[in-house]
Amino acid sequence: MGKALTDSDAWALLDGRPPIDAAASGGFDLDGVLAMAEHRLEGLGGGWLILDGIDQLLSLEPDPRAALDQVRHLNDWCQARRITLLLTGKQTRSDGSQPLDLEGVEFMLSTVLVLATELVGRRLNRRFRVAKYRGSAHITDELPLVMDDAGLHLPYSAASEAARTAASQERIGMGILRLDRILGGGIYRGSTVLVSGAPGTAKTTLGVSFALAAADRGERVLYLTFDELDDRIVRNAASIGLRLQPAIDSGLLKIESRQAWNSLVEEHFITIHRWIDAFQPDCLVIDPVSALLKAASADSAYMTTERILDETRARGITTLLTSLIDTDKPQTETTLSHASTLADSWISLEYRIHGGERNRALSIVKSRGSAHSNQVRELLLSGSGVDLADVYEYGPKVLMGTARIEEEHEVAERHRRQYVERAQRQRDLERNIQQARLRMEEAQSEAERLTEVLERERQGNAETKHNAAEHRQDIQRRRAADGPTTGKDRGTE
Amino acid sequence: MNGKNDRETGTNTDLILFVTGDSPRSLRARANLATAVEDIADNRLTVRHIDLLQDTSGVAEYGMFATPALIHVRASGEPTVLYGDLSNGPELERFLANLQSPETA
């Protein structure tokens, strides 16, 4: 900025600092500098007159009201010539520890901007406030002001300028198939996911998985890490089969590292804002957002997080935040970042200790707009990637790790035995049925045989009866032939 | 006094009075300084007047934003300044007296 001013012909710098031992004898005015300004600004049809530290000079004026008259005179003079006047001067502190040389000046000027500084965590915080802006709507809040190599910034006023993106119905994956399934098909594009957990619960792993899945879809991903350097993120992810380097080489993934404690929260915000502007990501990972609590600020880091999310939502950037939980309140799963209320989906990671083992558990605390599973799953990390496994409830406990594997084996063996027993019982039944059928066939044959025998018996009886009848008739005929007849040709028996 | 810069007082100028035309403060400063110099009656003391309305170079050269202003440039090149219409007699006398001391001359 300095070189641009030096090279410009459109401005002139005059050193009007009074000497240290300067004194005053009676009243004075600023007509000298006005004469100079008129000479320099002549023909420009306007311009700016900036008197930096005017209080230094006016403090020598023995009559404070005369000093204010000088300011009024300056203001009138500039208005008459369409020149914008910018005065800077010190303001007294509320405790009166510094003199106020321009008390009351705010009543005669149309615009008053108040700058302040405050030490927070041994870091200088600059603040900005529009105390007066006559005839114009303006924000009256005190805002943080950041000064860096790129100039002066009012970070939070710039954040609200982005146009708002409509809510998407599209679901996108997080790189873990089973996790996407229990989320009801993935998270909504443009939504915010919070992954919370204690240190070592694989928050970063989920962030990396999410980033890699997005890059695999051809989307641009900005990964901001506060805890680790970028090369370590790449190395550690590779150990579980998540290869980030190809995505980085293709330009789809950009990993940026920052030290949270080394800057003000507002400076982090500006940097993140710049990176988003420059990279135009589809997806953003901030790992962990709770690190912002380590950065000094007169404002709450929570508000900064909220402003970042406002920005990403407005731009339609799908955002994954990781956050440490408040270890003082583990039962409430409260996150240090207080981002849980801001996120659309909240994935909680925790350790479950059982049988001398510490295992990672994953559950979905909330997922707005989705019918998601409420079951706890075991998060498995291996050289082939990340996966989820069902857990086994054993009384009041949930089995994971070796206990889960043993239980799985026992269940499998039980199922195998049940299968074998069932198959044996089935075979026995089939054999019994077969035997029964054979017996039925034999009985049928016997019945048929007996029926035949019976039939034969019946036929035999009939023949016997017939034969007996014939025999009797034969006897009768023979008797009749041997004895006297009572009739014409037969006798009585 | 007229509005012209008084550059005819010789090369041994000790004091420069910056004024802006015939403004009331400028007129008072000229009169008060003339009286004071006369009272001192030191013929080694010379006064140069610069009217910034006529010659604005003094603003840049001496950084004189406020007028009237009475300047003495020490031998070291450091200026000492008394702002105002010089109506505070004791303050003006103190300023002029310091000019004559070896430390500040």
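Please read all numbers here as calculations on a predicted model, not as lab measurements.

K.L.:
Give me the lowdown on the overall build of chain B, citing residues and values where you can.
P.N.:
The secondary structure content of chain B amounts to three helices and four strands. Along chain B, helices (α) and strands (β) appear in the sequence β-α-β-α-β-β-α when read from the amino end. Counting the 105 residues in chain B, one finds 50% classified as buried. Carbon and sulfur atoms make up 48% of the accessible area of chain B, which totals about 5,300 Å².

K.L.:
With reference to specific residues and values, describe the sheet that holds strand S2 (residues 47-51) of chain B.
P.N.:
Spatial strand order, S1(A)-S4(B)-S3(B)-S1(B)-S2(B): five strands in an open sheet with mixed pairing. The strands lining the two open edges of the sheet, one partner per strand, are strand S1 (23-24) of chain A together with S2 of chain B. Summarising the sheet, strand S1 (residues 15-19) of chain B and strand S3 (residues 69-73) of chain B pair through four bridges and their orientation is antiparallel. Paired with Leu 15 of chain B across the bridge in S3 of chain B is His 72 of chain B.

K.L.:
Break down the pattern of salt bridges for me, with residues and values.
P.N.:
Opposite charge on two side chains permits pairing when their charged atoms draw close. Tallying each qualifying case throughout the model produces 28 salt bridges over all chains. In this structure, Glu 219 of chain A engages Arg 189 of chain A in a salt bridge whose closest nitrogen and oxygen atoms are separated by 2.6 Å. A residue pair is termed long-range when its members are at least 10 positions apart, and Glu 219 of chain A in the loop between helix H7 (203-216) and strand S11 (221-225) and Arg 189 of chain A in the loop between strand S9 (187-188) and strand S10 (192-197) qualify at 30 residues. Arg 94 of chain B serves as the salt-bridge partner of Glu 91 of chain B, at 3.1 Å between the closest nitrogen and oxygen. One end of the pair, Glu 91 of chain B, and the other, Arg 94 of chain B, are both in helix H3 (residues 89-100), three residues apart, so they sit about a helical turn from each other. Connected via shared salt-bridge partners are Glu 170, Arg 189, Arg 217 and Glu 219 of chain A.

K.L.:
Quick one: what's the story with the confidence of the model for chain A, residue by residue and with numbers?
P.N.:
Considering every residue of chain A, the mean pLDDT works out to 85; 89% of them sit at 70 or more. When pLDDT is averaged over each helix and strand of chain A, the minimum, 67, is found for strand S19 (residues 392-394) of chain A and the maximum, 97, for helix H9 (residues 245-249) of chain A.

K.L.:
So what's going on with the packing of aromatic side chains? Residues and values would help.
P.N.:
What the rule picks out here adds up to two aromatic pairs over all chains. On the numbers, 5.5 Å between centres and 40 degrees between planes, the contact of Phe 28 of chain A with Tyr 83 of chain B is tilted. Here Tyr 83 of chain B lies in strand S4 (residues 79-83) and Phe 28 of chain A lies in the loop between S1 and helix H2 (31-41), a pairing that spans two chains. Owing to a relative accessible area of 0%, Tyr 83 of chain B belongs among the buried residues under this scheme.

The rules behind the values
- Residues numbered from 1 in each chain as written.
- Chains lettered and ligands numbered in written order.
- Predicted model: local features only at pLDDT ≥ 70, side-chain atom pairs only at ≥ 80, totals over all residues.
- Heavy atoms only, no water.
- Helix = DSSP H or I, 4+ residues; strand = E, 2+ residues; numbered from the N terminus.
- Buried < 20%, exposed > 50% of the residue type's maximum accessible area, 1.4 Å probe, protein only.
- Areas by Shrake-Rupley, 256 points an atom, 1.4 Å probe, with all protein chains shown as cover.
- Pairing = 2+ DSSP bridges.
- Salt bridge = Lys/Arg side-chain N within 4 Å of Asp/Glu carboxyl O.
- pLDDT = per-residue confidence, 0-100.
- Phe/Tyr/Trp six-rings, centres within 6.5 Å; stacked < 30°, edge-to-face > 60°.

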